[in-house]
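Spelled out from the first residue to the last, the chains are:
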Amino acid sequence: MSNRADFAQDEQDGTRILRLSGALTLARIGDLPDRLKGIDQPIDRIDLSAVERVDTVGAWIVHRLGQDHAATIDGANEEAARLLEQIDRADQPVRMRPDSTTPLIRVLGEIGAAVTTAGRTMLGLLAFFGALMIATGTLIRNPRRFRLNAVVQRFEVVGVSALGIIGLMSFLIGIVIAQQGAVQLRQFGAEVFTINLIGRITLRELGVLMTAIMVAGRSGSAFAAQLGTMKLTEEIDAMRTIGVSPMEALVLPRVIASVVMMPLLGFYSSVVAIIGGGFLCWVSLDIPPITFIQRIREVVPITDLYVGLVKAPVFGMIIALSGCFQGMQVEGNAEEVGLRTTSAVVQAIFLVIVLDAFFAVFFTWIGWI
């Protein structure tokens with residue numbers, strides 16, 4: 001068993017030396033700290049050549065003793081010297097309160113941090129899209145690796161299971177558009193143009209846009225939470241270990257399902273919204289359903305349908321990419337899953353709205369108005 005920690009003092013050529021011996025460990029240190037505090041004369045050098053073992057507690061005592069007496073420490077073996085060096089680096093003053101800054105500087109700092117985070121996120125999203133394209137090319141060269149069952153399952157999750165909530169939302173939105181449009185157009189005696197408003201705005205904009213927002217909140221968040229939990233439990237690392245690509249097995253089926261189902265859901269949403277608007281026109285404006293349908297066919301150009309069908313797959317791609325990307329970024333703890341899920345929904349909705357504005361300008365420029 002190691003000897004109990006002890007010390008002795010002597011003097012050589014006017015230099016006072018403190019010689020430590022034994023084991024400077026928590027189990028063997030005993031009352032050494034109290035006895036060292038009783039030293040009332042300055043110490044010039046601390047000799048550790050007789051020390052058998054040292055742990056963090058012993059190294060801390062030696063370090064503080066050297067600091068208090070401004071003494072040099074020598075004679076330490078390699079292990080003790082490395083421990084003393086680490087403790088010296090860690091012995092930094094702790095700031096209990098941050099430096100006070102003016103509100104303007106603090107706001108500018110927060111804005112800068114937000115811009116930096118947004119830039120890094122966009123770069124990461126582009127890199128993730130590139131990895132997805134590589135995985136797609138690999139599957140094209142090796143079709144046997146395509147997981148059809150996973151894609152079909154995602155069709156059900158993204159599409160079929162969402163029909164109820166999307167249909168209810170679209171029906172009510174159609175009623176709201178018809179009611180508000182009729183109230184405003186009645187002032188000019190033009191209630192019949194409510195049909196124009198319902199048909200064009202649902203097929204061209206609101207049908208696909210509201211569906212995208214609903215899918216982002218429903219499926220995009222689910223993608224982020226599922227992949228984030230798998231990342232946290234190291235299931236994704238295990239997949240890589242056995243040679244299964246997470247991009248091919250997890251991300252690509254979700255992206256394919258979102259891209260394929262979004263045009264169908266968008267068209268379904270637009271039709272249900274038109275039905276809702278037609279119902280209100282029948283009840284409130286006394287416009288029969290036959291007249292409503294005939295008027296819809298006359299005033300809604302086919303390009304409005306094309307606009308919605310072109311935007312829908314792009315929105316689906318953005319939603320799936322955002323959800324999967326944020327899920328794959330989860331690290332550390334379970335709280336990160338919630339934060340990344342929230343980020344996935346916010347990012348997807350933001351990008352969908354930005355792209356919708358871009359499409360509106362683009363289709364107007366090419367004459368699809």
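Throughout this description, residue numbers start from 1 for each chain and increase along the sequence as written. For a predicted model such as this one, the threshold for reporting local features is a pLDDT of at least 70, and the threshold for listing and counting side-chain atom pairs is 80 or more; totals across whole chains, interfaces and linings nevertheless cover every residue. Note: side-chain values were computed over all heavy atoms of the structure, leaving out hydrogens and water.

Points about the overall build of the protein chain
- Numbering of helices and strands runs from the N terminus; a helix is a DSSP stretch of H or I covering at least four residues, while a strand is a stretch of E covering at least two. In terms of regular secondary structure, the protein chain is built from 12 helices and four strands.
- The quantity called the radius of gyration is restricted to C-alpha atoms. Its globule counterpart is 2.2 Å times the number of residues to the power 0.38. A compact globule built from 369 residues should have a C-alpha radius of gyration of about 21 Å, whereas the protein chain, at 35 Å, is more than 25% larger.
- Based on the C-alpha atoms only, the size of the protein chain along its principal axes is roughly 115 × 55 × 35 Å.
- Across the 369 residues that make up the protein chain, the buried fraction comes to 40%.
- Here the protein chain holds 31 positive side-chain charges and 34 negative ones, and the gap between their average locations is 11 Å. Accessible area is worked out with a 1.4 Å probe on protein chains only. A residue is then buried under 20% of its type maximum, exposed over 50%, and partly exposed in between. Counted as positive: Lys and Arg. Counted as negative: Asp and Glu, with His and the chain ends omitted from the count. Where a charge sits is defined by one atom per residue type, namely NZ (Lys), CZ (Arg), CG (Asp) or CD (Glu).

Thoughts on the layout of surface pockets
- A cavity, in this analysis, means grid points on a 1 Å lattice covering only the protein atoms where a 1.4 Å probe fits yet has no way out; a pocket is instead an open set bounded by protein on both sides within 12 Å along at least five of seven lines, and a residue lines either one if it has an atom within 4 Å of a point. Grid points are joined across faces, edges and corners, and a volume is the space filled by probe spheres set on the points. Approximately 280 Å³ is the volume found for the largest pocket.
- Surrounding the largest pocket, 13 residues form its lining, Thr117, Thr121, Gln326, Ser343 and Gln347 being those nearest its centre.
- Elements supplying a minimum of two residues to the lining of the largest pocket: α4 (103-141) and α12 (334-365).
- In terms of residue count, α12 provides more of the lining of the largest pocket than any other element does, seven residues in total.
- Residues are grouped as follows: Ala, Val, Leu, Ile, Met, Phe, Trp, Tyr, Cys and Pro are nonpolar; Asp, Glu, Lys and Arg are charged; all remaining types, including Gly, are polar. When its residues are assigned to classes, the lining of the largest pocket shows six nonpolar, five polar and two charged.

Considering the side chain of Ser170
- Along the chain, the position of Ser170 falls in helix α6 (residues 163-186).
- Given a relative accessible area of 2%, Ser170 falls into the buried group.
- Leave out the neighbours within four places in its chain, and Ser170 touches Ser269, Val272 and Ala273. By definition, residues are in contact when any of their heavy atoms lie within 4.5 Å.

Comments concerning the nonpolar core
- Residues grouped as a nonpolar core are buried Ala, Val, Leu, Ile, Met, Phe, Trp, Tyr and Cys residues, joined through side-chain atoms within 4.5 Å. Core analysis: the biggest nonpolar cluster contains 60 residues, and Phe128, Val251 and Phe292 have the highest contact counts within it.
- Put simply, the parts of the chain that give this core at least two residues each are α4, α6, α7 (194-232), α8 (235-241), α9 (246-284), α10 (289-299), α11 (302-328) and α12.
- Formed by 23 residues, the second largest nonpolar core is a distinct cluster that contains Ala5, Ile29, Ile43 and Ala80.

A few points about the pairing of strand β2 (residues 15-24)
- Following DSSP output, two strands are said to pair if at least two bridges run between them. With seven bridges connecting them, strand β1 (residues 6-12) and β2 associate as antiparallel partners. The residue of β2 that forms the bridge with Phe7 is Leu20.
- Where β1 hands over to β2, the hairpin turn is made up of two residues, of which Asp13 adopts a positive phi near 50°.
- The pairing of β2 with strand β3 (residues 45-54) spans seven bridges and is classified as parallel.

Let's talk about the sheet that holds β3
- With mixed pairing, four strands are arranged side by side in an open sheet as β1-β2-β3-β4. Looking at strand neighbours, the two that pair on one side only are β1 and β4 (72-74), the edges of this open sheet. On average, each strand axis in the sheet is inclined to that of its neighbour by 25°, with strand direction left out of account.
- Geometry is summarised by axes, namely lines fitted to C-alpha atoms with helices restricted to the contacting stretch, and by angles between N-to-C directions that run from 0 to 180 degrees. On top of the sheet, helix α2 (residues 56-69) reaches β2, β3 and β4; it is set at about 175° to β3, its chief contact.

Considering α4
- In a helix, the anticipated span is given by 1.5 Å times the number of residues less one. With 39 residues, α4 ought to run about 57 Å at 1.5 Å a step, and its terminal C-alpha atoms sit 57 Å apart, in line with that.
- Buried residues along α4 sit against α9, α11 and α12.

Some thoughts on the environment of Pro246
- With respect to the secondary-structure elements, Pro246 resides in helix α9.
- Residues Pro246 and Ala135, spaced 111 residues apart in sequence, show a C-alpha to C-alpha distance of 9.4 Å.
- Apart from residues no more than four positions distant in its own chain, Pro246 is found in contact with Ile236, Met239, Arg240, Val251 and Met328.

Nothing here speaks to function; it is geometry throughout.
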